[in-house]
Amino acid sequence: MRSSLLFVVGGLAAQQVSGHALFQQLWSSCARVPTSNTPVTDVGSTAFRCNGRPGVAGKCAVVAGQTVTVEMHQQPGDRSCANEAIGGAHYGPVMVYMSKVPDATKADGSTGWFKIFQDSWAHPASAKVGDDDLWGTKDLNKCCGRMNVVIPSDIPAGDYLLRAEVNALHTASGNGGAQFYMTCYQLSVTGGGSASPALVNFPGAYKASDPGIKINIHAAVSTYIAPGPTVYAGGTTKSAGAACVGVEAAKTTGPAVPTKAARFAGGA
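Reading the values: the criteria
- Residues numbered from 1 in each chain as written.
- Predicted model: local features only at pLDDT ≥ 70, side-chain atom pairs only at ≥ 80, totals over all residues.
- Heavy atoms only, no water.
- Helix = DSSP H or I, 4+ residues; strand = E, 2+ residues; numbered from the N terminus.
- Buried < 20%, exposed > 50% of the residue type's maximum accessible area, 1.4 Å probe, protein only.
- Contact = heavy atoms within 4.5 Å.
- Areas by Shrake-Rupley, 256 points an atom, 1.4 Å probe, with all protein chains shown as cover.
- Pairing = 2+ DSSP bridges.
- pLDDT = per-residue confidence, 0-100.
- Core = buried A, V, L, I, M, F, W, Y, C linked by side-chain atoms within 4.5 Å.
- Axes fitted to C-alpha atoms, helices over the stretch in contact; angles between N-to-C directions.
- Salt bridge = Lys/Arg side-chain N within 4 Å of Asp/Glu carboxyl O.

Q: Outline the overall build of the chain, supporting the account with residue identities and numerical values.
A: Tallying secondary structure elements over the chain gives two helices and twelve strands in all. Taken from the N to the C terminus, the helices and strands of the chain come in the order β-β-α-β-β-β-β-β-β-α-β-β-β-β. Across the 268 residues that make up the chain, the buried fraction comes to 54%. When contacts within the chain are restricted to residue pairs at least 6 apart in sequence, long-range pairs at least 24 apart make up 77% of them. As presented, the chain carries roughly 10200 Å² of accessible surface, and 54% of it is formed by carbon and sulfur atoms.

Rendered as structure tokens:
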């Protein structure tokens, strides 16, 4: 459908793996669909950019400053709010990056990225171990797999890749134990300004030994720093444990309630 629905994007996978999850394709034609919900664990792999997926034909049109929503679920076609978005105690941060590219349908993710969103970690007084802490993935579960993300208002118009990422830390006490789930979306952004964010590269921005990647969350966690750069000044953060807002708070499956947020090109 083509309408002023909140822009929800994701990648569809087919494997039935307990606890694993995937950003699902909903009403857009711009997602680079993963072939499975198996995580990427090698931060030095080029698959870390866009889950090893090539470009697709579609682009999703958004306006700088508008809100988009990514939605994650464990299995393809299962968008029930009764089921966890990412199960198996897969706790960790949720992060979103963008990369300006000449043509989003052909870009391979080798250009630089900047972080526009993060929902990471908070420590409630009652928590004894990291599993008890507040995490971005717990917010995904609470909000029916949905996470609202603002496209920065000051970035230049043009084509971009948007990369949504979950870092699951339940087996992250050893090198290569962290599990990463990501999907890239092909955007055409209008409006905006002339900002020039500092960039990082994938691979390169993360190391397996980073404290936000190699960590034992089954012990007490006194501090946590999410991997990668800080959120770009024009981006946004969500405090772990914050309430679901707008489409995040909807408990029905199917198209989200129409809003004045981002329109999208294509769709089913």
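From this point, the discussion proceeds with the structure in view.
Q: Just give me the short version of the pairing of strand β4 (residues 67-73), but keep the residues and values in it.
A: In regular strands, side chains alternate between the two faces of the sheet. Of all seven residues that make up β4, six are buried, and the element is covered over most of its length. Relative to strand β9 (residues 146-150), β4 is paired through five bridges, and the arrangement is antiparallel. Note on β9: the bridge partner recorded for valine 70 is methionine 147.

Q: Go over the confidence of the model for the chain, please, and point to the residues and values.
A: Residues shown with low pLDDT carry predicted positions that ought not to be read at fine detail. Per-residue confidence for the chain gives a mean pLDDT of 84; residues scoring 70 or more make up 83%. Segment residues 1-27 is flagged for pLDDT under 50; beyond a separation of four residues in sequence, or across chains, it makes 144 contacts in the model. Here residues 255-268 scores under 50 on pLDDT; set against residues more than four positions off or in separate chains, the count is 54 contacts.

Q: Describe the nonpolar core, and please don't skip the residues or the numbers.
A: Counting 32 residues, the largest nonpolar core has Met98, Ile116, Ile151, Leu162 and Leu187 as its most contacted members. Of all elements in the fold, only β3 (60-63), β4, β5 (94-101), β6 (114-119), β9, β10 (158-168) and β11 (179-190) reach the threshold of two or more residues within this core. In terms of residue count, the dominant contributor to this core is β10 (five residues). Sequence-distant contacts of methionine 98, that is, excluding residues within four places in its chain, are made with Gly112, Trp113, Phe114, Ile116, Ile151, Pro152, Ile155, Tyr160, Leu161, Leu162, Leu187 and Val189. Within the second largest apolar cluster, 28 residues are counted, among which are Met95, Val101, Trp135 and Tyr206.

Q: Break down unusual backbone geometry for me, with residues and values.
A: Following phenylalanine 202, the chain continues into proline 203 via a peptide bond in cis, with omega recorded as -5 degrees. Position of proline 203 among the secondary structure elements: in the loop between β11 and β12 (236-238). Non-glycine residue alanine 89 carries a positive phi angle of around 55 degrees. Relative to the elements of secondary structure, alanine 89 occurs in the loop between β4 and β5. Positive phi values are uncommon outside glycine, yet cysteine 144 reaches one of about 55 degrees. Looking at the element boundaries, cysteine 144 is found in the loop between α2 (136-142) and β9. You can call cysteine 144 buried: its relative accessible area is 3%.

Q: Pulling in residues and values, what's your account of the sheet that holds β3?
A: Pairing is mixed across the open sheet formed by six strands, whose spatial order is β3-β11-β10-β5-β6-β12. Each edge of the sheet is formed by a strand with only one pairing partner; in this case those strands are β3 and β12. Within this sheet the neighbouring strands show an average axis-to-axis angle of 30 degrees, counted without direction. One ladder, built from three bridges, connects β6 with β12; its direction is parallel. Bridge pairing in β12 links phenylalanine 117 to threonine 236.

Q: Residue-level account of the pattern of salt bridges, with values.
A: By the definition in use, this model includes seven salt bridges. One salt bridge in this structure joins glutamate 71 and arginine 146, with 3.2 Å as the shortest N-O distance. In this pair, glutamate 71 is assigned in strand β4 and arginine 146 in strand β9, connecting sequence segments 75 residues apart. One salt bridge in this structure joins aspartate 210 and lysine 207, with 3.3 Å as the shortest N-O distance. The structure contains a network of salt bridges with shared partners spanning Lys59, Asp103 and Asp159.

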